[in-house]
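Observations on chain architecture
Chain by chain, the residues:
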Amino acid sequence: MVVYSFDGILVFGLLFICTCAYLKKVPRINSWLLSEKKGVWGVFYKAAIIGTRLHIAVAISCLAMAFYIVFLK
């Protein structure tokens, strides 16, 4: 899979959101990585918030992307 294609960017974004949402549940990493809400480190915080608040939409998007990659691509 090429990272510079549109579906590669979508996969990267989904994996980034899912990873940040998972790391939000780990107490040590939550206090270290997700404490900043602004700046460059704020991207991790915002991705974690998107992953936790829109968990159903993110899960459906991950399943749809997996189906696309496995069967259609």
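What counts, and at which threshold
Residues numbered from 1 in each chain as written. Predicted model: local features only at pLDDT ≥ 70, side-chain atom pairs only at ≥ 80, totals over all residues. Heavy atoms only, no water. Helix = DSSP H or I, 4+ residues; strand = E, 2+ residues; numbered from the N terminus. Buried < 20%, exposed > 50% of the residue type's maximum accessible area, 1.4 Å probe, protein only. Contact = heavy atoms within 4.5 Å. Salt bridge = Lys/Arg side-chain N within 4 Å of Asp/Glu carboxyl O. Disulfide = S-S within 2.5 Å. Axes fitted to C-alpha atoms, helices over the stretch in contact; angles between N-to-C directions. Parallel < 35°, antiparallel > 145°, perpendicular 65-115°, else oblique. Left-handed = near helix turned anticlockwise from the far one by under 90°. Nonpolar A, V, L, I, M, F, W, Y, C, P; charged D, E, K, R; others polar.

**Regarding the overall build of the chain**
- A tally of regular secondary structure across the chain gives four helices and zero strands.
- If you list the helices and strands of the chain from N to C, you get α-α-α-α.
- Each of the 73 residues in the chain was classed as buried or not, and the buried ones make up 25%.
- Sequence separation of at least 24 residues holds for 58% of the intrachain contacts in the chain that already meet a minimum separation of 6.

**A closer look at the pattern of salt bridges**
- In total, this model carries one salt bridge according to the counting rule given.
- For the salt bridge of Asp-7 with Lys-73, the shortest nitrogen-to-oxygen distance reads 2.7 Å. One end of the pair, Asp-7, is in helix 1 (residues 6-24); the other, Lys-73, is in the segment after helix 4 (55-72), and 66 residues separate them in sequence.
- Judged by its relative accessible area of 11%, Asp-7 is buried.

**Re the state of the cysteines**
- Tallying each qualifying case throughout the model produces zero disulfides.
- Of all cysteine sulfurs in the structure, the one in Cys-18 sits closest to Cys-62, which takes part in no disulfide; the separation is 3.5 Å.

**Concerning the packing of helix 1 against helix 4**
- The interhelical angle for the contact between helix 1 and helix 4, taken along N-to-C directions, is 140°, at an axis separation of 11 Å. The pairing of helix 1 with helix 4 is recorded here as oblique in orientation. Considering the relative orientation of helix 1 and helix 4, their crossing is left-handed. Residues Asp-7, Leu-10, Val-11, Leu-14, Ile-17 and Cys-18 of helix 1 pack against Val-58, Ser-61, Cys-62, Met-65, Tyr-68 and Ile-69 of helix 4.
- Taken together, the residues of the contact of helix 1 with helix 4 break down into 10 nonpolar, one polar and one charged.

Geometric descriptors of this kind do not, in isolation, establish any biological role.
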